[in-house]
Amino acid sequence: MKNLISADRRKKWNDVKLFLLVLPVLAVVFLFSYAPLWGWSFAFFQYKPGKSLFDSAFVGLENFKVLFGNVVMRKNLIRVLQNTFGIHLLGYLFTPLPMLFAIMLSEVRGTKFKKVVQSITTLPNFISWVILFSLTTSLFGASGLVNTIFKGMGAEHQVVDFLTSNKHVWLTQVLLQQWKGLGWSSIIYFAAIAGLDQELFEAAQVDGAGRLKRIWYITIPQLIPTYFVLLIMSIGNFLNTGVDQYLAFGNALNKARIEVLDLYVYNLGVGSGQISFSVAVGIMKSLVAFALFFFANTISKKVRGTSVF
Amino acid sequence: MAMTVAVKKKKKWSREDKIFHAVVYIIFGIFTLLCAYPFYYLLICTVSNSQMVDMGKVILWPEGIHFRNYMEIFKVQNLGNAAMISVFRTVIGTTASLLASAYMAYLFTKENMWKRKLWYRMTVITMYFSAGMIPVYLNNQMLHLTNTFWIYILPGLVSVYNMILIKTSIESMPAELEESAFLDGAGYLKRFIHIVLPLQKPILATVALFIAVGHWNDFFTTKLYITDTKLYTLQYLLYELLNQIQAASQQIEYEVNSQALASALTPTGIRLTLTAIVTIPIMIVYPFIQKFYVKGIMIGAVKG
């Protein structure tokens, strides 16, 4: 009996010991991911940079009301939401591409060709948006290669500075994203194709199904679940565009069309020092983003039985 | 495999097959060239005569080859220092982050940890829920991290996504390997250092490269938190330079540490060479990343 109790205690101590061991790293997560939540209080004050929060007037939900009530603020909010949604929805049109990329390349028999294509098309994923901006400046800027060639051919009127133009901004940005990410995004489908049952293909071939028929009736249906899970999970990140790309490519001329929600939060808070409004926008963004994630996660669980939790 | 054998036996390709292959080769050939050319163009420009570059004469191969750009670029004020900061933050940041993430991953595989599920979930949620840019900024400011080197290291110390990758990999390791040492009376820390770390080398290498690329490519942290020019990174320097060029619009003279540039460097030359300097390290480590990435992304896909 005595032995049992001490064994039980030893086990409990062991459980707690594990917790104590993880505590330092867990503390880091809390310090940098949860502790910032105190900053949400700024949204409920009329805070001016340089002053202390205690010297600022408490205004309750006034900042949120202004965001929607004030004409200029509301216009800005609608504009940046349009940009965020526009760029994302345009991007969704391209989501079948990685799957097609993998299917078509997998059908090719030359392994060397396959390897070279895969290696080179994946590289852009690993360079920063700043580098990409520098590369596009060299090629498509006002004095870049393309325009210099146009000028050299005497086609002065055709010179277009693609990077400062405020036309087709969404499309330009989405195409850049595709150039950067297509090869990388297709890897998951290569892995999925490698895991397909080959017997189905052989049976189909015996029955006289051509290459396109095999792709259409066997490969694609088996990849669709992967496609949908990735699509659903991307909904969870709908509002999280990040700022790197838009900071690098943004300028005074295309700002109205390129400013997405994240960049707006940055410009509002850091650029014009309107901390309280910026935090208010950020809070709404965080809450909606989390709701979207929860929604996506639940659907993923129902549809495929896999989820983050 | 079996399919290719079957096709080989047939030998004769149908017309459909021939057209299909032709189309695939053309499409992928074009796209691959589109991906490779900007990098190639960058490299040939940096070793070409700058006037020829500006005139658009450099397209397929370098013209008037010279390496002055690379020899002179480090005379640009602050660039040597920025290179050092970039290297330091990448090396120190990657090492610290890799160890912290692996350590956390290992402990989270221990199912009997007190309230394990709760801690694990709270950690994973941070990938999807953030207090927001400004609250995070205010918090880091309160912690006195602005304008210090530590802002590059500490906030990203635990990389949750990579922690999940490592955890999944540790879980697939046979438990007996660890238990044999348990019988010898080794504690968790010892087992982590002497058994888990050596056995998980492949995934750790993958994750290390992911983290390193992230550190190397980051310019936003500098933009947000750093005003001290001594703490600038190469990426940020490049970002600043590009901004200056754009602000000064096109060919108007702009000031890029002109006192250091009495040499033969043209503005375009500086920009391109700096771009090459930050790109080349990525191109060097990239083949190693590629070696492991399929494994990494497969595990990542399962966990969303």
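> How do you make sense of the overall build of chain A when you look at a structure like this?
Counting secondary structure elements, chain A contains 14 helices and 2 strands. Taken over the C-alpha trace, chain A has a radius of gyration of 26 Å; the compact-globule value for 309 residues is 19 Å, which it surpasses by more than 25%. With respect to the three principal axes, the spread of C-alpha positions in chain A is 85 × 75 × 30 Å. For chain A, the residues scored as buried account for 48% of the 309 residues in total. Nonlocal contacts in chain A, meaning residues at least 24 apart in sequence, comprise 63% of its contacts between residues at least 6 apart. Averaging the locations of the 28 positively and 14 negatively charged side chains of chain A gives two centres separated by 5 Å.

> Got a minute to help me understand the overall build of chain B in this structure?
Scanning chain B from N- to C-terminus turns up 14 helices and 0 strands. Going from N to C terminus, chain B has its helices and strands arranged as α-α-α-α-α-α-α-α-α-α-α-α-α-α. Expressed as a percentage of the 304 residues in chain B, the buried residues total 51%. Residue pairs in contact within chain B that sit at least 24 positions apart in sequence constitute 71% of those at least 6 positions apart. Per element, the accessible surface of chain B, about 14800 Å² overall, is 66% carbon and sulfur.

> Would you mind showing me how to read the packing of aromatic side chains here?
Within a pair of aromatic rings, the relevant descriptors are the distance that separates the centres and the angle that separates the planes. Taken as a whole, this structure holds 37 aromatic pairs over all chains when the rule is applied. Between Phe108 of chain B and Tyr120 of chain B, the aromatic rings sit 5.3 Å apart at their centres with planes inclined by 75°, giving edge-to-face as the arrangement. One end of the pair, Phe108 of chain B, is in helix α5 (residues 79-108); the other, Tyr120 of chain B, is in helix α6 (residues 116-125), and 12 residues separate them in sequence. Where Phe149 of chain B meets Trp150 of chain B, the ring centres are 6.1 Å apart and the plane angle is 75°; that geometry is what we call edge-to-face. For Phe149 of chain B, a relative accessible area of 18% translates into the label buried. Its relative accessible area of 47% is what places Trp150 of chain B among the partly exposed residues. Here Lys180 of chain A stacks its cationic end above the ring of Trp129 of chain A, 5.1 Å away from the centre of that ring. Above the plane of the ring of Tyr120 of chain B lies Lys167 of chain B, whose end atom (NZ or CZ) is 4.4 Å from the centre.

> Just to check I follow, could you spell out the pattern of salt bridges for this structure?
Once their charged atoms are close, side chains differing in charge can pair, the charge on each being opposite to the other. Applying the stated rule across the entire model yields 7 salt bridges over all chains. Note that Asp262 of chain A and Lys285 of chain A form a salt bridge whose closest N and O atoms lie 2.6 Å from each other. Here Asp262 of chain A is found in helix α13 (residues 261-271), whereas its partner Lys285 of chain A is found in helix α14 (residues 275-304), with 23 residues between them in sequence. Accessibility assignment for this pair places Asp262 of chain A and Lys285 of chain A in one class, buried. Via salt bridges that share partners, Glu107 and Arg211 of chain A together with Asp17 of chain B belong to a single interconnected network.

> Sorry if this is basic, but what is going on with the interface of chain A and chain B here?
Frequently, the measure chosen for interface size is the accessible area that the parts lose on association. Taken together, the contact between chain A and chain B spans 93 residues of the former and 97 residues of the latter. Both sides together, the interface formed by chain A and chain B hides about 9200 Å², and carbon and sulfur atoms give 76% of it. The largest contributions to the chain A side of the interface with chain B come from Phe32, Arg109 and Phe126 of chain A, which together make up 8% of the buried area. Linking chain A with chain B are 1 salt bridge, by the criterion used here. The closest approach of N and O atoms between Asp17 of chain B and Arg211 of chain A, which form a salt bridge, is 2.6 Å.

> Would you take a moment to explain the confidence of the model for chain B for this structure?
The predicted coordinates ought not to be read in detail in places where the model reports low pLDDT. All names here are of chain B. For chain B, per-residue confidence averages 84 on the pLDDT scale, and residues scoring 70 or more make up 84% of the total. Ranking the elements of chain B by mean pLDDT puts helix α1 (residues 2-10) last with 48 and α5 first with 96. In the model, residues 1-8 has pLDDT below 50 throughout and makes 11 contacts with residues more than four positions away in sequence or in other chains. This model gives residues 300-304 a pLDDT under 50, and the stretch forms 6 contacts once residues within four places in sequence are excluded. Our summary of model confidence lists the complex with pTM equal to 0.87 and ipTM equal to 0.87.

> Would you mind going over helix α3 (residues 71-93) of chain A with me for this structure?
Note on helix geometry: an α-helix contains 3.6 residues per turn, so any two residues three or four positions apart are oriented the same way. All names here are of chain A. Between the first and last C-alpha of α3 there are 33 Å, a value that for 23 residues agrees with the 33 Å anticipated at 1.5 Å per step. Of the residues making up α3, those classed as buried are Met73, Leu77, Arg79, Val80, Asn83, Thr84, Gly86, Ile87 and Gly91. The opening residue of α3 is Asn70, an N-cap whose side-chain oxygen sits 2.8 Å from the backbone nitrogen of Val72.

> Just checking my understanding: could you explain the environment of Leu204 of chain B for this structure?
Residues and elements named next belong to chain B. With respect to the helices and strands, the residue Leu204 is situated in helix α11 (residues 201-217). Sequence-wise, Leu204 and Val76 are 128 residues apart; in three dimensions their C-alpha atoms are separated by 37 Å. With residues near it in sequence (within four places) discarded, Leu204 still touches Leu98, Ala102, Ile166 and Leu197.

> Please explain unusual backbone geometry as it appears in this structure.
When glycine is set aside, most residues are seen to have a negative phi, and most peptide bonds are trans. Notably, Lys115 of chain B is not glycine yet its phi reads approximately 55°, a positive angle. In this structure Lys115 of chain B comes out as partly exposed when scored by relative accessible area, which is 47%.

> What is the right way to look at the nonpolar core in this model?
The tendency in soluble globular proteins is for nonpolar side chains to be buried as a group. Ranked by internal contacts, the top residues of the largest apolar core, which has 164 residues, are Phe249 of chain A together with Met104 and Leu234 of chain B. Among the elements that line this core, the one with the most residues is α5 of chain B, at 13 residues. Beyond its immediate chain neighbours, meaning those up to four positions away, Phe249 of chain A contacts Trp129, Leu132, Phe133, Thr136, Leu163, Gln173, Leu176, Asn254 and Ile258 of chain A. Counting residues in each nonpolar core, the second largest holds 5 residues, with Leu196, Phe201, Ala204 and Ile218 of chain A among its members.

> Would you mind showing me how to read a nonpolar patch on the surface here?
On the surface, a nonpolar cluster with roughly 610 Å² of combined accessible area is contributed by Ile149 and Met153 of chain A together with Tyr40, Ile59, Leu60 and Trp61 of chain B. Summarising the element assignment, Leu60 of chain B is placed in the loop between α3 (50-54) and α4 (68-72).

> I would appreciate a short explanation of the environment of His194 of chain B in the present structure.
Residue and element names in this part refer to chain B. Relative to the elements of secondary structure, His194 occurs in helix α10 (residues 188-199). Exposure remark for His194: the relative accessible area of 57% places this residue in the exposed category. Separated by 44 residues in sequence, His194 and Trp150 have C-alpha atoms that sit 29 Å apart.

> In this structure, what is going on with the packing of α10 of chain B against α11 of chain B? I would like to understand it.
How two helices sit against one another is set out by the angle between their axes and by the gap between those axes. Residues and elements named next belong to chain B. Two elements in contact, α10 and α11, have axes whose closest approach is 5 Å; the angle formed by their N-to-C orientations is 75°. Here α10 is positioned roughly perpendicular relative to α11, judged by the angle of their axes. In contact with Leu197, Pro198 and Leu199 of α10, α11 contributes Lys201, Pro202 and Leu204. Within the contact of α10 with α11, the residues separate by chemical class into 5 nonpolar, no polar and 1 charged.

About the criteria used
Residues numbered from 1 in each chain as written. Chains lettered and ligands numbered in written order. Predicted model: local features only at pLDDT ≥ 70, side-chain atom pairs only at ≥ 80, totals over all residues. Heavy atoms only, no water. Helix = DSSP H or I, 4+ residues; strand = E, 2+ residues; numbered from the N terminus. Rg over C-alpha atoms; globule rule 2.2 N^0.38 Å. Buried < 20%, exposed > 50% of the residue type's maximum accessible area, 1.4 Å probe, protein only. Contact = heavy atoms within 4.5 Å. Lys, Arg positive; Asp, Glu negative; His and termini not counted. Charge placed at Lys NZ, Arg CZ, Asp CG, Glu CD. Areas by Shrake-Rupley, 256 points an atom, 1.4 Å probe, with all protein chains shown as cover. Phe/Tyr/Trp six-rings, centres within 6.5 Å; stacked < 30°, edge-to-face > 60°. Lys NZ or Arg CZ within 6 Å of the ring centre and 35° of its normal. Salt bridge = Lys/Arg side-chain N within 4 Å of Asp/Glu carboxyl O. Buried area = accessible area lost by both parts, 1.4 Å probe. pLDDT = per-residue confidence, 0-100. Expected span 1.5 Å × (residues − 1). Polar contact = N/O pair within 3.5 Å; in protein donor to acceptor, adjacent residues only side chain to side chain. Core = buried A, V, L, I, M, F, W, Y, C linked by side-chain atoms within 4.5 Å. Patch = residues over 30% accessible without salt bridge, like charges linked within 9 Å, V, L, I, M, F, W, Y side chains within 5 Å. Axes fitted to C-alpha atoms, helices over the stretch in contact; angles between N-to-C directions. Parallel < 35°, antiparallel > 145°, perpendicular 65-115°, else oblique. Nonpolar A, V, L, I, M, F, W, Y, C, P; charged D, E, K, R; others polar.

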